[in-house]
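Residues per chain, in single letters:
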Amino acid sequence: GEEGDWESRPPVVTVMGHVDHGKTKLLDALRHSNVVSKEAGGITQHIGAYQIVTELEHNERPITFIDTPGHESFTAMRARGAKVTDIVVLVVAADDGVMPQTVEALNHAQAAEVPIVVAVNKIDKEGANPAKIRQQLTEYGLVAEEYGGDTMFVDVSATTRQGLDELLTAILLTADASLDLRANTEQDPQGVVIEGKLDKGRGPVATVLVQRGTLRQGDSIVAGDAYGRVRSLLDEHGNKLKEALPSRPVQVVGLTSVPRAGDTFLVVEEDRVARQIADRRQARIRNAQNASMRKRISLEDLD
Ligand code: GTP
Ligand code: NA
Ligand code: MG
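Keep in mind that what you see is a predicted model, and the values were worked out from it rather than measured.

## Some points on the pattern of salt bridges
Between side chains of opposite charge, a pair can form when the charged atoms approach closely.
Line of reasoning, step 1. Taken as a whole and assessed by the stated rule, the structure comprises 14 salt bridges.
Line of reasoning, step 2. Here R78 and E104 are joined by a salt bridge, their closest N and O atoms 2.8 Å apart. Here E104 lies in helix 3 (residues 100-111) and R78 lies in helix 2 (residues 75-83), a separation of 26 residues in the sequence.
Line of reasoning, step 3. By relative accessible area, which is 0% here, R78 ends up buried.
Line of reasoning, step 4. The class of E104 is buried, set by a relative accessible area of 15%.
Line of reasoning, step 5. When salt bridges that share partners are traced, they join R134, E146 and D155 into one network.

Quick look at the structure:
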């Protein structure tokens, strides 16, 4: 139904920036986790999604974070990250400065018209020059508040934990000042697939971000051209959830195939309907592929 109250939902914050500028380590510091140590070659190769509960001035507020890779080959993931988010935290290493994927990331954020908070990281390092980062970014329209602009810059160190509360405060201030973060938990559930994979034990697993409504165990779901019944919902720690509210990233187990990142999902009344929609979409994709193949063949015929 479309009834029900509009409730505030947590902001969704995508962390972006050049490779090795400390995005994952910064999220580890905020979450008290250690994802960095498990990454092959220290390179993030997929999108991670986490919700943390901040406690600032005795006020508990959740924030959803999406971690993106900084390696140059993952442009599509960065573009998707910027599209599903409310705020981008642009991480720039204070000893390295503005680099190609820093610029790429801020271009994605500006194209998606998403407010940017700049986290100037690694200020513990020798050669760190946070003033220079502010200077460099003015060229791209990001002018720090202390220079008369309207972009919040926060100096942080993921290693020493300096500036973490200030960063969270800046994120929440940005959310409160520029965004209307409300969602109706009673609406038909919808959202977007952040990542899909085939798990050896569990079969197709999709990490989805719920954007409206409440996703529940047992729901019949269509995600892109995949469908199925939600067998289990898991949070980022692997804990089972009965339901997922708006802004909650959650793993969905129970789809019959693996959806693509960027696909939207919706919930329907019956399994039968989910299957029909998925079948129609699969047929449409096949037709499009056949058409483009025919076009290729006829072009080759011209040679
Ligand atoms: P990609 O996801 O691969 O783009 O990298 P990333 O931006 O997530 O960087 P990551 O968190 O993997 O950190 C890269 C390296 O910088 C690691 O060796 C971290 O330990 C180090 N590092 C991150 N933040 C800091 C910091 O604040 N100070 C210092 N000294 N080192 C840091
Ligand atoms: Na890295
Ligand atoms: Mg990383």
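## Considering the site of ligand 1
Line of reasoning, step 1. Among the 20 residues in the neighbourhood of ligand 1, the closest are listed as K23, K25, T44, D124 and A158.
Line of reasoning, step 2. Note that a nitrogen atom of ligand 1 is positioned 2.7 Å from one of the side-chain N or O atoms of D124.
Line of reasoning, step 3. Taking 650 Å² as the accessible area of ligand 1 by itself, protein coverage stands at 84%.
Line of reasoning, step 4. At three residues, the largest contribution of residues to the shell around ligand 1 is made by helix 1 (residues 23-31).
Line of reasoning, step 5. Of the residues belonging to the shell around ligand 1, the class tally is four nonpolar, ten polar and six charged.

Calculation rules
Residues numbered from 1 in each chain as written. Chains lettered and ligands numbered in written order. Predicted model: local features only at pLDDT ≥ 70, side-chain atom pairs only at ≥ 80, totals over all residues. Heavy atoms only, no water. Salt bridge = Lys/Arg side-chain N within 4 Å of Asp/Glu carboxyl O. Helix = DSSP H or I, 4+ residues; strand = E, 2+ residues; numbered from the N terminus. Buried < 20%, exposed > 50% of the residue type's maximum accessible area, 1.4 Å probe, protein only. Near = heavy atom within 4 Å. Polar contact = N/O pair within 3.5 Å; in protein donor to acceptor, adjacent residues only side chain to side chain. Areas by Shrake-Rupley, 256 points an atom, 1.4 Å probe, with all protein chains shown as cover. Nonpolar A, V, L, I, M, F, W, Y, C, P; charged D, E, K, R; others polar.

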